[in-house]
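The chain contents come next:
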Amino acid sequence: MLIGYFTERPYRSVPEDEVFKNRSFFGLSNKFFDPVKGSADYRYYIEEYRYAEELGFDLVALNEHHGNPFCLGSVMNVEASVLAYATKRVRIVLIGNPLPVLKHPLRMAEELAEIDLISQGRLVTGWVRGAGSEQFFNNANPAYNRELFNEAHDFIVQAWTKPGPWRYEGEHFHYRHVNPWALPYQKPHPPIWIPGVLSPETVRWCAEHRYPYIGLGTELGPTCDLWDIYADEAVKHGYQAGTENFGYLLPTVVAETDEKAQELAENFIFGGGQNAFALPEYAMPSGYNSKTAIRMLAKQPTGAWLGVSGDNLKRLSKDEERGGKVDYSEVKKKLAAGLRRIEGRLQLIAGSPKTVLEKVKVILRVLRPGVFIMFNVQGAASNEERMGNMRMFAQEVMPGLREYGKQIGLLDAFQKTPGSVKLEAGTKRASVNEREPLYELGLYKRPEQRAQA
Amino acid sequence: MTTVKEENMEAAGAQLVVVKGGSGKPLLIFHDELGYTGWMTWNEELALDRALLIPLQPGFGKTPRLNWVRNYRDLGGYYSQVVRELKLDPVDAIGFSAGAFIAAEMLAADPRIFSHLVLVGPMGIKPEDGEIFDVFPLSIRSHLLATMANPEETPEFGKIYGGEMTTEQFEAFEDARTETSRLGWEPYMHDPSLPHLLRGIKTPTLLVRGTKDRIVPQGCIDAYRKALAGAQAASIDGAGHRPEIERPLEFVKIVNQFLAA
């Protein structure tokens, strides 16, 4: 089992009131960006990832968003390049490059190969379709999002593996001379993991390609459903999915006491938190999601990622109410209550080491992921607070998790090759999750109870 | 009341759903980027002495998407094939908003395809001044509200969009917006070469715009008039982007006068 570290790298000097007034992080004017403070944050986050290595995390994870103080990683590959040289042991996991909005897959193949070479084969590369707002920021046609994703992916893998030079005339991309000189250190290419927020299409695609899927803090019930979709699709491709096919990333806060951890966890609702990432109209551009995905997202209550949640979907028809006077103290109270609800559903875990260990163990038991990634706080938390969280997790929670992972047989994608367990046609697949704890904790009703209701 | 029917036909090598109503000389209608609204007052009035043909745009739910159609010029090409195959040309036509963009592309490619052409709140040419309002970063409801100058005082607005949005309506809008995005995302709802291709065309053309149109600025009308030197223009006072729904009788009068000329 691998244990990783992730942060969104928030720009910590953003005025919270301005985010509230804007009702989202995306779209806030860059007149609020201070280059001196921004520089300090960028340099600090590099140090923070180095600290994660020092503390014994197995991997450091980076992501990318554009035009958004929520995440400073607007060109993630730049940070990954620095880390490739500045770290010695950890795997550098990119979750992920937003292929449809980058528009130049050959350049992407070159950049990633360089990172893999500089890091001497420690790159794990992931692809995403890009949040809705990224489509607007990069003027990437959302109606072609899936096509662009698929074609860019196929092209990059070919660029890494098919000796050049060759010519490429595709549907969306065209290259006269494909012959990237610098090829990846790892053969045939760096491992590919795909992060996601409940798109069944993406999950099926992952299963088809035998790529591990990393759930990004998604609600446990729908995440179990998704694991089943993956495993069912894996059967169609002749293999049994297992812990090596799954990963899970979770907002995690550890402090000396439950109370102190709760206080620190409040940083996750800074400016409105995840659901204020972008307004719904930016989060759901036309054509970005399939009808199936829209229906599935609509079922999800609050607490989803990046502004895409059932509540926000309903609010799609109420956004003209915007612009009236808002009492921010009331908003903060509601956000705090929302945070408690999210914690109640185990989509965020905050507490003393003992509390966190027990709760994360429940998640490991339910989802059986080969990779668990801790997500540090958002907001304006200080360097000391952030590093304190990491240190306590690494020293007082991680050993117990490793032990538990071993006990319940959680193997990661490096210990066991995803897709390596063949399944004969007609054989019933094994379970890839365990819902029992969700019923025991009262988070969900058992199927028979639901039927009775 | 006119009998209105939906006909599923094979046209130009593809399946096409066409709404038909009325009798008389054919009048071809290109609906806007939100899709066909259903039979409204303006349809009823025009159908008194015309046979209305309203093709439902491919990809908008009922007519299957044509994957080879990647922009409004492609779509205009497809519709031109349909018009020729049905031996409708030269035909009188009205295009609304993005539907006007389609019609303008058809006109540029073949000036003889239309006998008269009415372009209402036309997209398709970059405005001389101002911008075509970006309808993509909007919720459906905000988009609908932005199309009318005064939705509360537009009885037919409630008829089309009143009540809670059903799942089916939501999906129909998403289909329409997806296909519009596919064809018109970049450059946004215009084609830089269209004004050059329209130069010198003499086909009788009427440009209509509501004076309170928030979607298409007057600059679009000015740009069309520059490209089509002989085009006439009419303003509908107080109407927004959908004068046919906001001021149906005035709209029909203007159109009928033009078509009769």
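In case you missed it, the structure is sitting above this.
First, a word on what this report is: a plain description of the structure on this page. The structure presented is a predicted model; accordingly, all values stated were derived computationally and were not measured.

Turning next to the overall build of chain B. The secondary structure content of chain B amounts to 10 helices and 8 strands. Against the 2.2 N^0.38 benchmark of 18 Å for 261 residues, chain B shows a C-alpha radius of gyration of 17 Å, consistent with a compact globule. Considering only C-alpha atoms, chain B reaches an extent of 45 × 40 × 35 Å along its principal axes. A separation of at least 24 residues holds for 76% of the contacts in chain B among residues at least 6 apart in sequence. For chain B, the distance from the average position of its 26 positive side-chain charges to the average position of its 35 negative side-chain charges is 5 Å.

Residue and element names in this part refer to chain A. Taken as a whole, this structure holds 0 disulfides over all chains when the rule is applied. You can see Cys206 has no disulfide; the closest cysteine sulfur is in Cys224, sitting 17 Å from it. Classification of Cys206 as buried rests on a relative accessible area of 0%.

Below, the discussion takes up the interface of chain A and chain B. In this complex, chain A contributes 22 residues to the contact, which on the side of chain B involves 18 residues. Each partner contributes to the roughly 1,900 Å² buried at the junction of chain A and chain B, and carbon and sulfur atoms together form 51% of this total. Counting across the interface, chain A meets chain B through 1 salt bridge. For Glu171(A), the salt bridge goes to Arg70(B), with nearest N and O atoms at 2.9 Å. Summed over the shared surface of chain A and chain B, the number is 7 residue pairs in polar contact (both at pLDDT 80 or more).

Attention shifts here to a nonpolar patch on the surface. Residue and element names in this part refer to chain A. Residues Val75, Val78 and Val82 make up a contiguous nonpolar surface patch of roughly 240 Å² in combined accessible area. Tracing the backbone through its elements, the reader meets Val78 in helix H3 (residues 76-86). Judged by relative accessible area, Val78 falls into the exposed class, the value being 51%.

Before going further, it helps to spend a moment on the sheet that holds strand E6 (residues 114-120) of chain B. All names here are of chain B. Spatially, E1-E2-E4-E3-E5-E6-E7-E8 is the arrangement adopted by the 8 strands of the open sheet, whose pairing is mixed. Single-partner strands in this sheet number two, and they are strand E1 (4-11) and strand E8 (232-236). Adjacent strand axes in the sheet meet at a mean angle of 25 degrees when their direction is disregarded. Inspection of the sheet shows strand E2 (residues 14-21) paired to strand E4 (residues 50-55) by 4 bridges, in the antiparallel sense.

This part takes up the side chain of Ser97(B). Residue and element names in this part refer to chain B. Within the secondary structure, Ser97 sits in the loop between strand E5 (91-96) and helix H3 (98-109). Residue Ser97 is classed as buried on the basis of its relative accessible area of 2%. Separated by 2.7 Å, the side chains of Ser97 and His241 make a polar contact. Excluding residues within four positions of it along the chain, Ser97 makes contact with Asp32, Glu33, Val120, Gly121, Pro122, Met123 and His241.

One pass over the structure, following the stated rule, counts 35 aromatic pairs over all chains. With 5.8 Å between their ring centres and 40 degrees between their planes, Tyr78(B) and Tyr79(B) make a pair best called tilted. Across the pair, Tyr79(B) and Tyr78(B) agree in class, each one buried. Ring-pair connections join several aromatic residues into one group, and the members of that group are Phe26(A), Phe136(A), Tyr282(A), Phe136(B), Trp185(B) and Tyr188(B). For Lys88(A), the ring lying beneath its charged end belongs to Tyr85(A), and the centroid distance is 5.3 Å. Looking at Lys162(A), its charged tip hangs above the ring of Trp166(A), at a distance of 4.4 Å from the centre.

What follows covers the pattern of salt bridges. Working definition: two side chains of opposite charge can pair if their charged atoms are close together. Inspection of the entire model under this criterion finds 36 salt bridges over all chains. Among the salt bridges present, the one from Glu434(A) reaches Arg365(A), with a minimum N-O distance of 3.0 Å. With Glu434(A) in the loop between helix H16 (383-407) and helix H17 (436-440) and Arg365(A) in helix H15 (residues 353-367), this residue pair connects regions lying 69 residues apart in the sequence. Two residues, Arg73(B) and Asp191(B), come together in a salt bridge whose shortest N-O distance is 3.2 Å. Taken together, the residues span a long stretch of sequence, with Arg73(B) in helix H2 (residues 72-85) and Asp191(B) in the loop between helix H6 (167-184) and helix H7 (194-198) at a distance of 118 residues.

What counts and how
Residues numbered from 1 in each chain as written. Chains lettered and ligands numbered in written order. Predicted model: local features only at pLDDT ≥ 70, side-chain atom pairs only at ≥ 80, totals over all residues. Heavy atoms only, no water. Helix = DSSP H or I, 4+ residues; strand = E, 2+ residues; numbered from the N terminus. Rg over C-alpha atoms; globule rule 2.2 N^0.38 Å. Contact = heavy atoms within 4.5 Å. Lys, Arg positive; Asp, Glu negative; His and termini not counted. Charge placed at Lys NZ, Arg CZ, Asp CG, Glu CD. Disulfide = S-S within 2.5 Å. Buried < 20%, exposed > 50% of the residue type's maximum accessible area, 1.4 Å probe, protein only. Buried area = accessible area lost by both parts, 1.4 Å probe. Salt bridge = Lys/Arg side-chain N within 4 Å of Asp/Glu carboxyl O. Polar contact = N/O pair within 3.5 Å; in protein donor to acceptor, adjacent residues only side chain to side chain. Patch = residues over 30% accessible without salt bridge, like charges linked within 9 Å, V, L, I, M, F, W, Y side chains within 5 Å. Areas by Shrake-Rupley, 256 points an atom, 1.4 Å probe, with all protein chains shown as cover. Pairing = 2+ DSSP bridges. Axes fitted to C-alpha atoms, helices over the stretch in contact; angles between N-to-C directions. Phe/Tyr/Trp six-rings, centres within 6.5 Å; stacked < 30°, edge-to-face > 60°. Lys NZ or Arg CZ within 6 Å of the ring centre and 35° of its normal.

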